[in-house]
Structure formats: structure tokens, C-alpha cells
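Chain by chain, the residues run as shown.
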Amino acid sequence: MASETSTTFKMERRPKLADRIVATVRDQIIGGQVAPGQKLPTESQLTETFGVSRTVIREAMATLAADGFVEPRQGAGVFVMERPTQAFAAISAENGTSISNALNVLEVRMGIEIESAGLAAIRRNSAQEAKIQEAFFEFERLLGIGQPTGKTDFAFHRAIAAATNNPFYVEVLDALGSRTIPCDVTSPWGTDSVLTREYQEGLQREHLVILQAISRGDADAARDGMRAHLSASQQRYRERLDGRYEEYLAVMSKNQGS
């Protein structure tokens, strides 16, 4: 019975090597040990420092770039990006993989993105509206060929933030980073149950409601659409959290009866 219990309790994944490197470099950037604009050590140097393969280093750098901490420059290396504020950087630095943390991030996004959708409906210009549409149809294309849609999902939300014509909406969203998008394969919450086609088709239907409201210039409908979109994501996470709790109770009940 002991071995069965041990297998069942493998609920949280152990941090990967790349995740540990991400956390280390990120903490150094936020702590000021590595200054904005500074070039990071070369891939070979990082490989030697951390004692890992080049593949692991590349995965870590890709995650840091997705979160807006670093920027790879062709032929020059990888450089530390300017961060909006240390407070916003700290949000993205949260490296917990718990579902409760995902719910916290979604709560912050709701406070920002509901209003940004309404402002985008009023303030967007034709080029900005085209950017939102471009991200929407790219999501559709990637979904159709079975490719990851996470970065395009983030691009959709970022294009809406840009259409507010208030740069602080973009800065906050960039600080949160694309890993806040659960259907991104780099997200700590992007599990197999989330990365299903059915799940992503549901997201796309919600995106369409938001897009149509913005295109009509209907601020109230755009806010309602974004609220419904993010609220649905919250509900999906709560259902996963409840499922884990029920699984835990079932295991404990079984152990006590044995």
C-alpha cells in the first residue's frame, strides 16, 4: 500500500533544470546584481557555470526572453532588458507552479485587462485594430495545424493593451509576461488538461466576442467580453483545484481503510 500512495501523491512536478536557472538569473536581475542593458555571459560560459547542457541554457533563456527579462540580439548575445518597475518585476518573478498562484495572476489581469478592452474599443486606430485581428487569426491558424498557441494568445491581449494608447497597460502586461497564458507551453500551469484543442477552441470563441465588440466600438461589450473570458479561466482553474482536493481526500480515505 505504501508504494501505491507514493505514486498517487506525485501531484506537483519537480522544477526542471531550466526552471532553476531561470529563477537564479531572474533573482539576480531583480536584485540588481545584473544591470539593465548588461550582456549576459555566453552560452558556453553559462553551460560551464550551471553544469548543464546547451539545450537547458537555451530553454532558460527562451523563458526569460518570453517574460521580458532578457533580449537576444543576433550576433551580439543576450542582454538584460529594462523593467517597468521593481514591483511589477516581482509579479513576474513569482515562480510558484501552484494553481492558487495562477488564480492570483488572473485576478491581477482582470483588474487591468477589463478596462483596457473598453478603452481599446474607444481609442484604437485602424492599424491597432488590424494588429488585434492579426493575432486572432494567427491563433486560429496555429490551432488548425496543431501548433502551440500560447504566444499568439499573449499577442492578442497585448495588442488590445496597445490599442488603449496608454503605454502603462502594455508595460504591466509585459511585466506579467507571456507565461501567464495557460495555453503557452512555457507556462508553469500549461498542463495536458489545459493544452487540449477543446480548451483552446473555447478561448478562441471568447476572443471573438472581445474582438467583435472592439471592432464595433462598443466599450461596455468589450469589457463584458474580457470579464467573461478571464472569469471563465478562473473557473477552469478552480475546478482543477477542487479536483485535486477531491483526489487527495479519496487517497486519504483509502489509506485509512487499509
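Figured I'd write up the structure that's included with this text. (Residues numbered from 1 in each chain as written. Predicted model: local features only at pLDDT ≥ 70, side-chain atom pairs only at ≥ 80, totals over all residues. Heavy atoms only, no water.)

Description of the pairing of strand E2 (residues 77–80)
At step 1: Inspection of the sheet shows strand E1 (residues 70–73) paired to E2 by 4 bridges, in the antiparallel sense. Residue pairing for E2: Glu 71 is matched across the bridge by Phe 79.
At step 2: Connecting E1 to the next strand, E2, in antiparallel fashion are 3 residues, including Gly 75 with a positive phi near 80 degrees. (Pairing = 2+ DSSP bridges. Helix = DSSP H or I, 4+ residues; strand = E, 2+ residues; numbered from the N terminus.)

Digging into the side chain of Gln 234
At step 1: The residue Gln 234 is located in helix H11 (residues 219–257) in this model.
At step 2: Looking at Gln 234, the relative accessible area reads 9%, which means it is buried.
At step 3: Residue contacts for Gln 234: discarding those within four places in its chain leaves Leu 103, Leu 106, Glu 107 and Met 110. (Buried < 20%, exposed > 50% of the residue type's maximum accessible area, 1.4 Å probe, protein only. Contact = heavy atoms within 4.5 Å.)

Some points on the packing of aromatic side chains
At step 1: Tallied over the full model, the rule gives 1 aromatic pair.
At step 2: If you follow Arg 73 out to its NZ or CZ, it ends over the ring of Phe 79, 4.2 Å from the centre. (Phe/Tyr/Trp six-rings, centres within 6.5 Å; stacked < 30°, edge-to-face > 60°. Lys NZ or Arg CZ within 6 Å of the ring centre and 35° of its normal.)

A word on the pattern of salt bridges
Oppositely charged side chains can form a pair if their charged atoms are brought close together.
At step 1: What the rule picks out here adds up to 11 salt bridges.
At step 2: Among the salt bridges present, the one from Glu 43 reaches Arg 54, with a minimum N-O distance of 2.8 Å. Of this pair, Glu 43 sits in helix H3 (residues 43–50) while Arg 54 sits in helix H4 (residues 54–66); the two residues are 11 residues apart in sequence, bridging distant segments of the chain.
At step 3: Of the residues examined, Glu 43 reaches a relative accessible area of 25% and is grouped as partly exposed. (Salt bridge = Lys/Arg side-chain N within 4 Å of Asp/Glu carboxyl O.)

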